[in-house]
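Listed below are the residues making up each chain.
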Amino acid sequence: MTAPASSEAPIRVAVLGPDGRMGAQTVRAVEAAADMELVATVGSGDSLSAVTDAKATVVIDFTRPDAVMDNLRFAVDAGLHAVVGTTGFDDERIATLSGWLAGKPDLGVLIAPNFALGAVLAMRFAQQAARFYDAAEVIELHHNRKADAPSGTAAHTARLIALARADAGRGPAADATTSGIEGARGADVDDVRVHSVRLPGLVAHEEILFGAEGETLTIRHDSLDRVSFMPGVLLGVRTVGSRPGLTVGLENVLDL
Ligand SMILES: NC(=O)C1=CN([C@@H]2O[C@H](COP(=O)(O)OP(=O)(O)OC[C@H]3O[C@@H](n4cnc5c(N)ncnc54)[C@H](O)[C@@H]3O)[C@@H](O)[C@H]2O)C=CC1
Ligand SMILES: O=C(O)C1=N[C@H](C(=O)O)C[C@H](O)C1
């Protein structure tokens, strides 16, 4: 995921959410990338016109689930490619975005629930394992300043597991629970249980647990520092312009 040696002009990048945990890390990564130029940043309350004024060609969004759709509407209308790490994308949002992009055949948008290589591999391994096991559950563990639960990564993982189970003709996993405290079995994402832990000290972690008669399999990924997301973000910026339409998941860019 290193920059290609090139005499081409640098990619003109704008970062939305530069004062946040991910935005600040992304600003540093873009500034350090020889093939990119950071031409604008837009924080909360700032006008998005700074992006077009600065002639950015790619925007990176690390804002909030309640802000990202307005940002994308602006980017698509302005003809800007977008690399999106912000969470909150359900089927309805994906359909809305696809509709916006339908009239813009040259425009690329990449939405990645997780930009860390190991997280993407963990999801792919989980997808491979899913058809062999009777049951699967996901535990995601994050810092306690995270706004949303479950994590976008965990929701994406659960959906991939559900699709793999359906392809293998497996229905919902058997579960004898009939009583107890509401929420104790976690959230139901496409019939896969997802459990969210929030603790100071954590960054971003996920365990995917599989069970069958007499054995379990656990796949775990840990992001210990937000630098882990940066190679994936920069890869997204480098490739989004040559991938027209909507791409969901870095696994498609990595060709896993
Ligand atoms: N895809 C991935 O690999 C990763 C995704 N994330 C996701 O990225 C998002 C941001 O995470 P953090 O940086 O931890 O959150 P944060 O709360 O630290 O930062 C969000 C920033 O966005 C700003 N903001 C809010 N509305 C805005 C708007 N309309 N325009 C511009 N800026 C706006 C806020 O002021 C804040 O500075 C979350 O959805 C999180 O789940 C986080 C880590 C990795
Ligand atoms: O908010 C975070 O921190 C993270 N958000 C993303 C998610 O919700 O999956 C990616 C990673 O887990 C870190």
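Shown above is the structure to which this text applies.
Report on the accompanying structure. Everything quoted here is computed from the prediction, not taken from an experiment. (Residues numbered from 1 in each chain as written. Chains lettered and ligands numbered in written order. Predicted model: local features only at pLDDT ≥ 70, side-chain atom pairs only at ≥ 80, totals over all residues. Heavy atoms only, no water.)

## What to know about the site of ligand 1
Step number 1: Ligand 1 sits among 22 residues. The nearest are Met 22, Thr 87, Ala 112, Phe 115 and Lys 146.
Step number 2: At 3.2 Å from an oxygen atom of ligand 1 is found a main-chain nitrogen or oxygen belonging to Gly 20.
Step number 3: Expressed as a share of its isolated accessible area of 860 Å², the protein-covered part of ligand 1 is 81%.
Step number 4: Considered class by class, the residues forming the shell around ligand 1 number 8 nonpolar, 9 polar and 5 charged. (Near = heavy atom within 4 Å. Polar contact = N/O pair within 3.5 Å; in protein donor to acceptor, adjacent residues only side chain to side chain. Areas by Shrake-Rupley, 256 points an atom, 1.4 Å probe, with all protein chains shown as cover. Nonpolar A, V, L, I, M, F, W, Y, C, P; charged D, E, K, R; others polar.)

## So, the sheet that holds strand β7 (residues 187-189)
Step number 1: Here 5 strands make up an open sheet; going across it, the order is β7-β8-β6-β9-β10 and the pairing mixed. Every other strand in the sheet has two partners, leaving β7 and β10 (215-223) as the edge strands with one partner each. Each strand of the sheet is rotated relative to its neighbour by a mean of 25 degrees, with strand direction disregarded.
Step number 2: Two elements, β7 and strand β8 (residues 192-198), share 3 bridges in a ladder whose sense is antiparallel. Bridging across to β8, Ala 187 finds its partner in Val 194.
Step number 3: Taken strand by strand, helix α5 (residues 117-130) contacts β9 (204-212) and β10, and its axis lies near 165 degrees from that of β10. (Pairing = 2+ DSSP bridges. Helix = DSSP H or I, 4+ residues; strand = E, 2+ residues; numbered from the N terminus. Axes fitted to C-alpha atoms, helices over the stretch in contact; angles between N-to-C directions. Contact = heavy atoms within 4.5 Å.)

## Some points on the site of ligand 2
Step number 1: By nearness alone, every residue bordering ligand 2 is listed as Thr 87, Pro 113, Asn 114, His 142, His 143, Lys 146, Ser 151, Gly 152, Thr 153, Ala 204 and Phe 229.
Step number 2: At 2.6 Å from an oxygen atom of ligand 2 is found a side-chain nitrogen or oxygen belonging to His 142.
Step number 3: Lys 146 has a polar side-chain atom sitting 2.6 Å from an oxygen atom of ligand 2.
Step number 4: Here ligand 2, which alone exposes 320 Å², has 84% of that area covered by the protein.
Step number 5: Considered class by class, the residues forming the shell around ligand 2 number 3 nonpolar, 7 polar and 1 charged.

## So, the side chain of Arg 226
Step number 1: Tracing the backbone shows Arg 226 in the loop between β10 and α7 (230-239).
Step number 2: No salt bridge forms around the buried Arg 226; measuring N to O, its nearest opposite-charge neighbour Asp 225 is 6.8 Å away.
Step number 3: Here Arg 226 is in contact with Arg 21, Met 22, Gln 25, His 143 and Val 203, once residues within four sequence places are set aside. (Buried < 20%, exposed > 50% of the residue type's maximum accessible area, 1.4 Å probe, protein only. Lys, Arg positive; Asp, Glu negative; His and termini not counted. Salt bridge = Lys/Arg side-chain N within 4 Å of Asp/Glu carboxyl O.)

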